[in-house]
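This is what each chain is made of:
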Amino acid sequence: MKYILILQLLFLCATALSNMAYAEPPSKEALLLQWEETQKNSAELKAFSKVDDNTYYLSFHNIPFEGNIALINIDIEELTYETTLPINYMGIIELKLPEALQKLKESYSRSFYRWQESTFFYYNGNSNTWLTNKEYNKLSNNIYQTLESTKLTKLVEQYSGEVTIGVVLLFIIMMLMQLVFLWKIKQKITK
């Protein structure tokens, strides 16, 4: 009876661990919806609308282009490196740009770059939401700033060598004083 209970507990633990290790990645549909919402609210775009399943109309504020772009792929990649951020997936919206927009890409490189940033997303495993590049950077800054050393820690790190040398010298001085004291006692005893 007790072996059956132990086996059941081991089975439950193995099941729980396998569910954590093989959790379902976020859906491409959710990523696409997030990208569409981001485009609608983009400061770079004057207009954005869906034409059909893989075609979108857009016009820019700073780039002299109005026309359609094609969605060619939605890629979700698991991030396997260890980080303090709760980010475990990166999503990329891949687009086929018309030749007219490709030609303007170099001339309006800064504006194009700001818009193109909105094709990269990061999945927050804690909140189960896709973050834009700006939101990811804000989260990253907030987390890493809280991990930054305090002024006292920086001070201790800065002067740790001097403190160590001072403690060693103090120890040597104390030992010399004891040796002198013991030597004087020995001198008095031998007289």
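**Some remarks on the sheet that holds strand S2 (residues 55-60)**
Move 1: Reading across the sheet, the six strands line up as S1-S2-S3-S4-S5-S6 and stay open at both edges, with antiparallel pairing between neighbours. The two strands at the open ends of the sheet, each matched to only one other strand, are strand S1 (45-52) and strand S6 (129-132). Between one strand and the next, the sheet's axes are offset by a mean angle of 35 degrees, whatever the strand orientation.
Move 2: Pairing analysis gives eight bridges linking strand S3 (residues 66-78) to strand S4 (residues 87-96), with the strands arranged antiparallel. Looking across to S4, one finds that Asn73 is bridged to Glu94.
Move 3: The strands touched by helix H4 (residues 109-116) are S1, S2, S3, S4 and strand S5 (120-124); relative to S2, the strand with the most contacts, the crossing angle is about 140 degrees.

**What about the pairing of S5?**
Move 1: Within S5, four of the five residues are buried, leaving the element largely enclosed by the surrounding structure.
Move 2: Here S4 runs beside S5; their pairing, made up of five bridges, is antiparallel. Residue Ile92 lies in a different strand from S5, and its bridge partner there is Phe120.
Move 3: With antiparallel pairing between neighbouring strands as the criterion, S5 and S6 make up a hairpin whose turn holds four residues, including Asn128 at a positive phi of roughly 55 degrees.

**Some points on the nonpolar core**
Move 1: Among the nonpolar cores identified, the biggest contains 25 residues, and Trp35, Ile69 and Trp115 are the most heavily contacted of them.
Move 2: Elements that contribute at least two residues to this core include exactly helix H2 (28-40), S1, S2, S3, S4, helix H3 (99-107), H4 and S5.
Move 3: A total of four residues in this core trace back to one element, the largest contributor, which is S3.
Move 4: With near-sequence residues (within four places) excluded, Trp115 lies in contact with Gln39, Ser42, Glu44, Leu45, Leu58, Phe60, Ile69, Leu95 and Leu97.

**Focus: the environment of Ala70**
Move 1: Structurally, Ala70 is set in strand S3.
Move 2: Judged by relative accessible area, which is 24%, Ala70 ranks as partly exposed.
Move 3: Those residues in contact with Ala70 that sit more than four places away from it in its chain are Asn54, Glu94, Leu95 and Lys96.

**A look at the environment of Phe65**
Move 1: On the secondary structure map, Phe65 appears in the loop between S2 and S3.
Move 2: Beyond its immediate stretch of four places on either side in the chain, Phe65 contacts Leu58, Ser59, Phe60, Pro98, Ala100, Leu101 and Leu104.

**Quick notes on H4**
Move 1: All buried positions along H4 are accounted for by Ser111, Phe112 and Trp115. With its buried residues spanning 100 degrees around the axis, H4 presents them on a single face.
Move 2: Where H4 is buried, its residues touch H2, S1, S2, S3, S4 and H3.

**Re the layout of surface pockets**
Move 1: Computed from the structure, the largest pocket encloses a volume of approximately 340 Å³.
Move 2: Around the largest pocket sit Thr38, Asn41, Ser42, Ala43, Glu44, Arg114, Trp115, Glu117, Ser118, Thr132, Asn133 and Lys134, which together line it.
Move 3: Each residue belonging to the lining of the largest pocket can be placed in one class, and the counts come to two nonpolar, six polar and four charged.

**With respect to unusual backbone geometry**
Glycine aside, residues mostly have negative phi angles, and peptide bonds mostly take the trans form.
Move 1: Phi is positive for Asn128, close to 55 degrees, though the residue is something other than glycine.
Move 2: Here Asn128 shows up in the loop between S5 and S6.

**Brief notes about the confidence of the model for the chain**
Move 1: Model confidence for the chain is summarised by a mean pLDDT of 84, while 85% of its residues fall at 70 or above.
Move 2: Note on residues 18-22: pLDDT is under 50 here. Beyond four places in sequence and across chains, it has zero contacts.

Thresholds, definitions, all that
Residues numbered from 1 in each chain as written. Predicted model: local features only at pLDDT ≥ 70, side-chain atom pairs only at ≥ 80, totals over all residues. Heavy atoms only, no water. Pairing = 2+ DSSP bridges. Helix = DSSP H or I, 4+ residues; strand = E, 2+ residues; numbered from the N terminus. Axes fitted to C-alpha atoms, helices over the stretch in contact; angles between N-to-C directions. Contact = heavy atoms within 4.5 Å. Buried < 20%, exposed > 50% of the residue type's maximum accessible area, 1.4 Å probe, protein only. Core = buried A, V, L, I, M, F, W, Y, C linked by side-chain atoms within 4.5 Å. Arc of directions from axis to C-beta. 1 Å grid on protein atoms, 1.4 Å probe; cavity = no way out; pocket = protein on both sides within 12 Å on 5 of 7 lines; lining within 4 Å. Points joined across faces, edges and corners; volume = space filled by probe spheres on them. Nonpolar A, V, L, I, M, F, W, Y, C, P; charged D, E, K, R; others polar. pLDDT = per-residue confidence, 0-100.

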